[in-house]
Structures are given as C-alpha cells and as structure tokens.
Amino acid sequence: MARSSLTREEVLETAAALVRQHGPDALTMRKLAAELGTAVTSIYWHVGNRESLLDALVERTVQEMGAVRPTGRTPVARIVSVARGLRRELRARPHLIAMVHERGLTERMFLPAQQALVHEVHAAGLRGARAADAVRAVQFQTVGFLLVERNRERSPVQSPGEGDLWDAVTAEHDPALARTLALPVDQERLFTASMRALVNGLLATGGS
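This report concerns the structure included in the present document.

### Quick notes on the overall build of the protein chain
No. 1: The helix and strand inventory of the protein chain stands at 11 helices and zero strands.
No. 2: Taken from N to C terminus, the helices and strands of the protein chain fall in the order α-α-α-α-α-α-α-α-α-α-α.
No. 3: Relative to a compact globule of 208 residues, whose C-alpha radius of gyration would be 17 Å, the protein chain shows 22 Å and is clearly more extended.
No. 4: Along the three orthogonal principal directions, the C-alpha set of the protein chain runs to about 70 × 50 × 30 Å.
No. 5: Sorting the 208 residues of the protein chain into buried and exposed places 37% on the buried side.
No. 6: The contacts in the protein chain between residues at least 6 apart in sequence include a share of 68% that link residues at least 24 apart.
No. 7: Counting every atom, the protein chain has about 12,200 Å² of accessible surface; 55% of that belongs to carbon and sulfur.
No. 8: Averaging the locations of the 26 positively and 23 negatively charged side chains of the protein chain gives two centres separated by 5 Å.

What follows is the structure in structure tokens.
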C-alpha cells in the first residue's frame with residue numbers, strides 16, 4: 001500500500017542514500033519508489049523526472065559540503081580541522097561528488113570550505129598572495145591525499161605487498177622504519193600529521 005504522505009526531503013534523502021551505496025546508475029524511479037513505499041507518480045510529483053532528481057541531489061550535495069566548520073584553539077588546529085572535515089565529507093559521498101563534478105559545479109562546491117580557510121589564514125596573519133597560496137595548498141593536499149587513498153583502496157591485491165618489500169636493506173638499516181612501512185597505513189593519522197606539517201610551514205613563512 002502506497003504511503004499517504006511524503007516530503008521532498010524524504011525523497012532526496014533516500015535517493016542520496018541509494019547513490020552513496022550503489023552509484024547513480026542504480027537510482028531508478030521505480031527502485032526509489034519501492035524504497036519509500038510509495039507510487040512512482042508520487043516521486044514525479046515531488047521532484048520531477050530522473051534528470052530533475054539528479055540535479056536536486058547535486059544541489060543538495062553542494063549545500064551539504066558547505067557545512068564544514070573549523071574547530072580548535074590555535075590557527076594550525078583550526079585550519080587542519082577544516083581540511084579533516086573536507087576530507088571526511090568527500091570520502092562519505094564519492095558518487096555524489098562525481099555527479100557534482102560532471103555538472104561543472106566542483107568550484108562552487110569547494111567555495112564554502114575555501115572561505116572558511118580564508119577566514120582562518122587571515123586570522124593567522126596571512127594576506128594577499130600568501131593567503132591564497134595557503135588556501136590552495138590545503139585544498140590541493142586534501143584532494144590529492146584523497147585520490148591516493150581511493151587508488152590504494154581500489155587497486156588489486158599487491159604481490160609482493162609492502163610487508164614483503166621492506167627489510168633492513170631496503171630501509172637502509174633502519175629496522176623501525178622497515179617495521180612501520182610494512183604495516184597498513186593509518187590514513188587518518190597520516191593525513192592529520194602531513195596536513196599539520198604543511199600548515200605549520202605555511203604559517204611560519206607568512207611573515208617572511
């Protein structure tokens with residue numbers, strides 16, 4: 001039995017969940033209606049046709065990406081928190097982000113995070129070209145790190161793997177280094193450490 005009431009937000013939330021889990025090709029009006037327990041005609045009434053639905057999902061994703069807010073007490077901590085939030089949001093919705101990119105809205109999607117970074121680098125004393133370089137460096141590092149992460153996650157099983165390749169010789173007789181490189185990468189820790197080092201360097205040269 002079809003539901004007697006339905007909201008546009010419910011339709012978009014369920015559609016976004018389907019895209020996050022299975023990709024945009026899995027999103028059909030019939031499947032969406034089944035997930036919501038309603039008739040296909042009700043979906044059309046709320047969001048229009050499938051293309052209109054995809055446009056609405058893209059716009060919704062752009063708005064959600066604007067929710068990244070800085071936290072922390074120091075300039076470095078606050079800038080790093082924006083980068084971590086941006087990475088987290090991008091990782092959470094890869095299919096939706098791809099849809100945003102395909103519709104030419106990537107720059108608009110990144111604008112709120114960039115504005116948050118501008119505010120923080122200004123507060124840290126950077127202005128002009130140095131401030132712009134800092135904003136872009138943080139954004140590029142975040143997106144580049146994420147691309148490497150996805151490439152590693154999607155790559156076939158490696159043989160030999162990292163654990164087989166690192167020994168006393170390849171590590172230049174640094175056993176602690178060899179042991180660490182042979183372990184799985186703690187991506188969150190590595191991202192935070194590398195971003196903190198980048199931001200420290202950017203702020204340290206801000207007045208030179």
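From this point on, the discussion continues.
### Describing the packing of helix H2 (residues 29–36) against helix H3 (residues 40–47)
No. 1: Direction vectors running N to C along H2 and H3 enclose 100°, while the axes themselves pass 8 Å from each other. One element, H2, and the other, H3, form an angle in the roughly perpendicular class. From H2, Met29, Arg30, Leu32, Ala33 and Leu36 reach across to H3, where they touch Val40, Ile43, Tyr44 and Val47.
No. 2: Looking at the contact of H2 with H3 residue by residue, the classes come out as eight nonpolar, no polar and one charged.

### Comments concerning the packing of aromatic side chains
The description of two aromatic rings rests on the distance between their centres and on the angle between their planes.
No. 1: Applying the stated criterion across every chain, the model contains one aromatic pair.
No. 2: Sitting above the plane of the Phe191 ring, Arg87 keeps its charged end 5.2 Å from the centroid.

### A few points about the pattern of salt bridges
No. 1: This structure, assessed with the given rule, holds 16 salt bridges.
No. 2: Linking Arg103 and Glu51 is a salt bridge whose minimum nitrogen-to-oxygen distance equals 2.9 Å. With Arg103 in the loop between helix H6 (94–102) and helix H7 (106–123) and Glu51 in helix H4 (residues 50–64), the pair connects residues that are 52 residues apart, well separated along the chain.
No. 3: On the accessibility criterion, Glu51 (43% relative accessible area) is partly exposed.
No. 4: For Glu188, the salt bridge is made with Arg87, and the minimal N-O distance between the two is 2.5 Å. Highlighted residues: Glu188 in helix H11 (residues 187–204) and Arg87 in helix H5 (residues 75–92), separated in sequence by 101 residues.
No. 5: Taking relative accessible area as the criterion, Glu188 reaches 30% and is therefore assigned partly exposed.
No. 6: Among the charged side chains, a salt-bridge network with shared partners connects Glu9, Glu13, Arg20, Arg60, Glu64, Glu89 and Arg93.

### Some thoughts on the nonpolar core
No. 1: Counting 31 residues, the largest nonpolar core has Leu27, Leu32, Ile43, Leu53 and Leu57 as its most contacted members.
No. 2: Mapped onto this core, the elements with two or more residues apiece are helix H1 (8–22), H2, H3, H4, H5, H6 and H7.
No. 3: Leave out the neighbours within four places in its chain, and Leu27 touches Ala15, Leu18, Val19, Leu32, Arg50, Leu53, Leu54 and Leu57.
No. 4: The next biggest cluster of nonpolar side chains, apart from the first, holds 19 residues, and it includes Val68, Ile79, Val82 and Phe191.

### What about the packing of H5 against helix H8 (residues 128–154)?
No. 1: H8 packs onto H5 with a crossing angle of 40° between their chain directions and a minimal axis gap of 10 Å. Comparing their axes, H8 and H5 come out oblique. Handedness of the crossing formed by H5 with H8: right-handed. Here H5 contributes Ile79, Ala83, Leu86, Arg87, Leu90 and Arg91 to the contact with H8, which in turn contributes Val138, Thr142, Val143, Phe145, Leu146, Glu149, Arg150 and Glu153.
No. 2: A breakdown of the residues in the contact of H5 with H8 according to their chemical character gives eight nonpolar, one polar and five charged.

What counts and what doesn't
Residues numbered from 1 in each chain as written. Predicted model: local features only at pLDDT ≥ 70, side-chain atom pairs only at ≥ 80, totals over all residues. Heavy atoms only, no water. Helix = DSSP H or I, 4+ residues; strand = E, 2+ residues; numbered from the N terminus. Rg over C-alpha atoms; globule rule 2.2 N^0.38 Å. Buried < 20%, exposed > 50% of the residue type's maximum accessible area, 1.4 Å probe, protein only. Contact = heavy atoms within 4.5 Å. Areas by Shrake-Rupley, 256 points an atom, 1.4 Å probe, with all protein chains shown as cover. Lys, Arg positive; Asp, Glu negative; His and termini not counted. Charge placed at Lys NZ, Arg CZ, Asp CG, Glu CD. Axes fitted to C-alpha atoms, helices over the stretch in contact; angles between N-to-C directions. Parallel < 35°, antiparallel > 145°, perpendicular 65-115°, else oblique. Nonpolar A, V, L, I, M, F, W, Y, C, P; charged D, E, K, R; others polar. Phe/Tyr/Trp six-rings, centres within 6.5 Å; stacked < 30°, edge-to-face > 60°. Lys NZ or Arg CZ within 6 Å of the ring centre and 35° of its normal. Salt bridge = Lys/Arg side-chain N within 4 Å of Asp/Glu carboxyl O. Core = buried A, V, L, I, M, F, W, Y, C linked by side-chain atoms within 4.5 Å. Left-handed = near helix turned anticlockwise from the far one by under 90°.

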